[in-house]
Amino acid sequence: MKQMTFLLIMVSVQNIGLAQNRISDSNVESFLQIKSQAASDSVMIRWAMNNAICWKKSLKYGFNIYRKTVFRNGDYLRNEKFERLNQHPIIPITKNKWKLKVNDSPMAAVVAQAIYGEDFILEDDEINISQIFSKAEELNRRFGFALFAIDQDFNIALLAGLGFVDRQVKADEQYIYKVFSAMPETDLAYPEPALAFVNLSKTTELPAPSGLIAYRLGNKGMIQWNNSKEFSELYSSYFIERSVDGKIFYRVSEVPFAQTDSQLNKTLKFTDILQDSSKTYHYRIIGKTIFNSIGKPSSMVKLKEVNRTKVYPDLLEPIIWKDSVRLNWKYYIRKTDSIIKFQILSSATPTGAFLIKIDSIASEQRRLDYRNQYSVEYIKVRVLLSQNEYVDSNTRLIQIADTIPPQIPKNLKIILKTNRIVNLKWNLVADPDILGYDIYRAKKDGDIKTKLNVSPIKIDTFNDSLLKGDFISKYRYYIKAIDRKFNESDFSKEVVVDFPDIIKPTSPLINKYQVNKDCIILSWVNSSSNDVQSIQLFRSIVKEGQKGDTVLIKNLPVDFKLPFKDEKLKGANEYYYFLKAIDSSGNISSPSPGISVKIAPQFQREALKFFKATPDFKFKLIDLSWDANRNGLISIALYRKVGDGKLSLYKRIPYNQNHFTDRDIVINSNYEYMLRLIYNDGSQSFSNKIQVNY
């Protein structure tokens, strides 16, 4: 029976999927991340934000999702626009609705706690919430707790306002999805939108996990497998399955094993308690994505026996008060054992190098008190059996309450700046529990400071490689110190770096042209550089394969409304065009790739005499046929008008074809058709217009 009680949940976890790349510092620029998965009849969309402030405000404002169709039947659609798919902003369901959903999934209770943590919690012996808390201890914000849980169940993502299913899709179409925050754009937490391209015709099979190993330690089955980047970026959790006969497998738990951020790109480990140690067991692993999709099972492995003859010390739960720690451990001495001494080992991380913290503890001693200078450390007890032989206990985490921020780093300075690479150096802070340093950059005084490093920097230097396409000439840098309890110092004094703008802009690109009787119409894609002020259009006339003098046709502002008409032509010639971009510092881009356009003598041929349309009501089609002079014919264009619409280009037909079947027909409609034949000498011929009442 589930009961409602009150609790404020503060959690600290990072998970894979969309949760793994989040940043919890409120000073960073907000942005959205998006993932998608296509099925034959639907598209699933998941998104998340990169910081807790943005998440908190998004609970109120929600999100809007837009879709644009970019390809249909392989044809690029140029004039399609984004359409909004949701009628109202997508937000989490209400507290009362969450109460009705907690029976469906353990993760529903977790997310409800994270969103409504001040007055809503579920208690249930059947849901092992402590397991989720153990995975959540790496972060200190309920934001991470929510994303961790949402990554485990796509249905919960839908309830939490971070997922959407588009069922109005077609298999022959390709889409771009865009997710916008519905909060005011003036809000400092407003996130940059996210884009996803989806091709329904291309789906890939989810891979099977690899590197599975299983061995027995007493009544425990020790399972481990590969969690390299290939798998950690794809699967958010795994199902562990067990079999007695190697044929029929059962899941060890219906709740999948979820990896934490600290396990990314590493080997994953799981311990299975065996009910009957005399049986032979087989195991396999199955990956699960953030969209609840299940991958192929791994290869089956048999549980191997491991001979374990050594006796290991058992380090009990430490007792902590203020800055003092009491350690208690158990170690049973066998008659064959000879103990030299005990040692206490310490490490800043659970998988790091353990160094001797306290040496020469008497062999009969099983308790030790000491004062701890670190807010966080990991402890082991080592039994030295001889000078070359020892055994270590299990690892325990020591956490001392610490809310005091470290000292502000000093003497931040620039050592080297060249080729838009900035080398920063500073004095290390003397605090003993320093975890590292975070580096920030801003474009100008008062701008939001952008965090540059993913994890704290351990040393006193940092290289910032600025993008060559980034034309900002001045940057400000700052640094913070972070201790092992994630307390942050204030920002250091800023240092400023100035760059002269000597980088030429990227080149524009002519992407479209059209030939009319008296002009050539050009369109282009502007330079991607953000400080371009003008575009130059150049032209030359090609005679017998040789380009003549190059002439500047026009110097246009970068915001000129395209297309551009070149009306100063010199008759029927071959014209060669290219572009250059000029930025605010006078830097000129390299010439764009050029295009050649031929203006051929225009004359009209005799009209096409035979052009016939035959409707077929049984098979719902209209069959078109014609008889054309194919001597020099290079292209056939079919025009069509439906109802009261305009006659427009419908299909391009190979020149050697003399019929076409139109299957895109609607009953009780009027159709009008016309052909235009184009020849290699520039001439053209038109058919008469024929009408069909279908």
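Right above here is the structure, for reference.
Keep in mind the model is a prediction, meaning the values are calculated, not measured. (Residues numbered from 1 in each chain as written. Predicted model: local features only at pLDDT ≥ 70, side-chain atom pairs only at ≥ 80, totals over all residues. Heavy atoms only, no water.)

Secondary structure summary: the chain contains seven helices and 51 strands in total. In the chain, which comprises 694 residues, the share counted as buried stands at 46%. Taking all contacts inside the chain whose residues are at least 6 apart in sequence as the whole, residues at least 24 apart take part in 64%. Carbon together with sulfur atoms contributes 49% to the accessible area of the chain, which is approximately 37800 Å² in total. (Helix = DSSP H or I, 4+ residues; strand = E, 2+ residues; numbered from the N terminus. Buried < 20%, exposed > 50% of the residue type's maximum accessible area, 1.4 Å probe, protein only. Contact = heavy atoms within 4.5 Å. Areas by Shrake-Rupley, 256 points an atom, 1.4 Å probe, with all protein chains shown as cover.)

Next up on the list: the packing of aromatic side chains. Taken as a whole and judged by the stated rule, the model has 22 aromatic pairs. Taken together, a centroid distance of 5.4 Å and an interplanar angle of 65° make the contact between W225 and Y238 edge-to-face. In this pair, W225 sits in strand β12 (residues 220-227) while Y238 sits in strand β13 (residues 237-243), placing the two residues 13 residues apart along the sequence. By relative accessible area, Y238 is classed as buried at 0%. Arranged with centres 5.7 Å apart and planes meeting at 80°, the rings of F257 and F270 form a pair that is edge-to-face. One end of the pair, F257, is in strand β15 (residues 257-258); the other, F270, is in strand β16 (residues 266-273), and 13 residues separate them in sequence. Side by side, F257 and F270 carry an identical accessibility label, which is buried. Taken together, the ring pairs connect W225, Y235, Y238, F257 and F270 into an aromatic cluster. Sitting over the face of the ring of F249, R284 holds its NZ or CZ atom 4.3 Å from the ring centroid. Here the basic side chain of R441 rests over the ring of Y475, its NZ or CZ set 5.0 Å away from the ring centre. (Phe/Tyr/Trp six-rings, centres within 6.5 Å; stacked < 30°, edge-to-face > 60°. Lys NZ or Arg CZ within 6 Å of the ring centre and 35° of its normal.)

Read from one edge to the other, the open sheet built from four strands follows the order β32-β31-β34-β35, with strand pairing classed as antiparallel. This sheet does not close on itself; its edge strands, each paired only once, are β32 (450-451) and β35 (495-498). Note that strand β31 (residues 434-442) and strand β34 (residues 474-483) share eight bridges and pair antiparallel. Residue pairing in the sheet places G436 in a bridge with I482 of β34. (Pairing = 2+ DSSP bridges.)

A separate point is the pairing of strand β45 (residues 621-627). β45 sits mainly inside the fold: five of its seven residues count as buried. Hairpin connection, strand β44 (residues 610-616) to β45: the antiparallel pair is bridged by four residues, and K620 has positive phi, about 55°.

For the rest of this paragraph, the subject is the packing of helix α3 (residues 106-115) against helix α5 (residues 142-150). The geometry of α3 relative to α5 is characterised by a closest axis approach of 9 Å and an angle of 160° between their N-to-C directions. Classified by the angle their axes make, α3 and α5 are roughly antiparallel. Considering how the two elements wind past one another, α3 and α5 form a crossing that is left-handed. Contact with α3, carried on its side by M107, V110, V111, A114 and I115, involves R142, F145, A146, A149 and I150 of α5 and no other residues of that element. Here the residues of the contact of α3 with α5 sort into nine nonpolar, no polar and one charged. (Axes fitted to C-alpha atoms, helices over the stretch in contact; angles between N-to-C directions. Parallel < 35°, antiparallel > 145°, perpendicular 65-115°, else oblique. Left-handed = near helix turned anticlockwise from the far one by under 90°. Nonpolar A, V, L, I, M, F, W, Y, C, P; charged D, E, K, R; others polar.)

What follows deals with the pairing of strand β38 (residues 532-543). Within β38, nine of the 12 residues are buried, which leaves the element mostly enclosed by the surrounding structure. As judged from the 10 bridges shared by β38 and strand β42 (residues 574-583), these two strands associate in the antiparallel manner. Directly across from I541, in β42, lies its bridge partner Y575. As paired elements, β38 and strand β40 (residues 551-557) share six bridges and run antiparallel to each other. For F538, the partnering residue across the bridge sits in β40 and is L552. Relative to strand β39 (residues 546-547), β38 is paired through two bridges, and the arrangement is antiparallel. Counted as the bridge partner of K543 is Q546 from β39.

What follows concerns the pattern of salt bridges. Under the criterion given, the structure shown has 21 salt bridges. In this structure, D369 and R326 form a salt bridge, with 2.8 Å as the shortest nitrogen-oxygen distance. In this pair, D369 is assigned in strand β25 (residues 367-371) and R326 in strand β22 (residues 324-330), connecting sequence segments 43 residues apart. R326 sits in the partly exposed class, given a relative accessible area of 24%. Notably, a salt bridge pairs D662 with R640, separated by 2.9 Å at the nearest N-O pair. In this pair, D662 sits in strand β48 (residues 659-662) while R640 sits in strand β46 (residues 633-642), placing the two residues 22 residues apart along the sequence. A residue is classified by how much of its surface remains accessible, and D662, at 1% relative accessible area, is buried. Look at the salt bridges and you will find they share partners, linking E241, R251, E254 and R284 into a network. (Salt bridge = Lys/Arg side-chain N within 4 Å of Asp/Glu carboxyl O.)

Attention shifts here to the sheet that holds strand β8 (residues 163-166). Strands pair in a sheet through their backbones, by hydrogen bonds, and they do so in one of two ways: parallel or antiparallel. Pairing in this open sheet of three strands is antiparallel, and the strands run β2-β3-β8 from one edge to the other. Unpaired on one side and paired on the other, β2 (32-38) and β8 mark the two borders of the sheet. Averaged over all pairs of adjacent strands, the angle between their axes in this sheet comes to 20°, without regard to strand direction. Where strand β3 (residues 43-49) meets β8, four bridges bridge the pair, whose relative direction is antiparallel. Looking across to β8, one finds that M44 is bridged to V165.

Taken across its nine residues, α5 has nine buried, putting it largely inside the fold. When α5 is considered as a whole, its buried residues turn out to be R142, F143, G144, F145, A146, L147, F148, A149 and I150.

Right, let's get into α3. The element α3 is largely enclosed, with a buried count of nine among its 10 residues. When α3 is considered as a whole, its buried residues turn out to be M107, A108, A109, V110, V111, A112, Q113, A114 and I115.

The next point concerns unusual backbone geometry. In the segment running from L562 into P563, the intervening peptide bond is cis, with an omega of 5°. Examined against the element boundaries, P563 turns out to sit in the loop between β40 and β41 (564-566). You will see that S360, though not glycine, has its phi angle at about 55°, which is positive. Its place among the elements puts S360 in strand β24 (residues 355-361). For N668, which is not a glycine, the phi torsion comes out positive at approximately 65°. Among the structural elements, N668 can be located in the loop between β48 and β49 (670-679).

Following the sequence through the fold, I358 ends up in strand β24. Placed 10 residues apart in sequence, I358 and L368 show a C-alpha to C-alpha distance of 9.8 Å. The residues touching I358, leaving out its near neighbours within four places in the chain, are Q343, I344, L368 and Y370.

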